[in-house]
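# Examining the three-dimensional arrangement
Residue strings, one per chain:
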Amino acid sequence: MKQDEKKQMDMLKQEYDHIPVPKEAKTRMQTGIAQAKREQKGVIIMKFAKHTGGVAAAAMLTITLLANLNPTTANAMEQIPVIGSIAKVVTFRTFEDKKGNFEADIQVPQVTLENSGETQVPANKSIEEYANEFIADYEKELAANNGEGHYGVDSRYKVVTDTDKYLSIRIDTTLTMASGTQFVKIFTIDKTTGNVITLAELLKNKPAALEAVSDQIKQQMEAQMAADENIIYFYHSEMPEEDFKGLTGDESYYFNQNGELVIAFNEYDVAPGYMGAVEFTIPASVTGTF
């Protein structure tokens, strides 16, 4: 290219670069650039979370991002039914006391269902009433004995099931007097209602399921006792009147990581004290899916 032609091209380029951009067009350009950056950020978050194994978290982050960026997306999402509420479990209060040889440490959990729209979760009343029974017994014994003798109660909780549909809180309580006794209470809560679902209610749409689960527990008892002479259950024992007859529908239960039903018993319910609190996992072939 000749020197004068190159010079002319440079001048034309400078004139083009200095053409004023209308204010409206500039605003649209800046908005478009900002939108593209936010969308790109969403893609980066998605890729990073997937790389680290958090695919579900990435999906949630991306959905949240889209809902904030695009009103159309947000409006459409309002039409999607909520599968289950996000549950939060916290220690509502702790009862602590120590006088002489009497001591109590009782945690009382409380459930919040963030997407339920309910300020009160009905299950919380049942959970608190259960804790209050131990507190009342402690205070009664303390008043009667003025701290003399030995009496201790320790109660802790943990979440053992948290799915789209169910939340199960397990409360383990040890009562110590001359010896210790273990109590297990599991509150399984329907996230759509906030109500505690009993075992009988869970199985009400599955004909003969309660009997089938009872038979499965009996089979497991027999198999375990046959395999280990140190394992003893109240089944086919020398005191038939004390033997396990079957479930009543009021037993504690939860779902394990495989979605299988697990039935939990207090110490002495179905076995001697040295066996402690025992559990039985029921195969899905017996119960079906929930």
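Details of the structure are given in the entry above.
The following refers to the structure shown. Because the structure is a prediction, the values reported are computed rather than measured.

Before going further, it helps to examine the overall build of the chain. Counting its regular elements, the chain contains eight helices and eight strands. Across the 290 residues of the chain, 32% fall into the buried class. The long-range fraction of contacts in the chain, counting pairs at least 24 apart against all pairs at least 6 apart in sequence, stands at 55%. By element, 53% of the accessible surface of the chain is carried by carbon and sulfur atoms, the whole surface being about 18,700 Å².

As enumerated under the stated definition, the model contains 13 aromatic pairs in all. Taking 6.0 Å as the distance between ring centres and 55° as the angle between the ring planes, the aromatic pair formed by Tyr138 and Tyr151 counts as tilted. Here Tyr151 lies in strand S3 (residues 151-162) and Tyr138 lies in helix H5 (residues 123-145), a separation of 13 residues in the sequence. What makes Tyr138 buried here is its relative accessible area of 0%. Under the relative-accessibility criterion, Tyr151 is labelled buried at 7%. Residue placement shows Lys185 over the ring face of Phe187; its charged tip is 5.5 Å from the ring centre. For Lys206, the ring lying beneath its charged end belongs to Phe290, and the centroid distance is 5.1 Å.

Procedures and definitions
Residues numbered from 1 in each chain as written. Predicted model: local features only at pLDDT ≥ 70, side-chain atom pairs only at ≥ 80, totals over all residues. Heavy atoms only, no water. Helix = DSSP H or I, 4+ residues; strand = E, 2+ residues; numbered from the N terminus. Buried < 20%, exposed > 50% of the residue type's maximum accessible area, 1.4 Å probe, protein only. Contact = heavy atoms within 4.5 Å. Areas by Shrake-Rupley, 256 points an atom, 1.4 Å probe, with all protein chains shown as cover. Phe/Tyr/Trp six-rings, centres within 6.5 Å; stacked < 30°, edge-to-face > 60°. Lys NZ or Arg CZ within 6 Å of the ring centre and 35° of its normal.

Read these as geometric descriptors, not functional statements.
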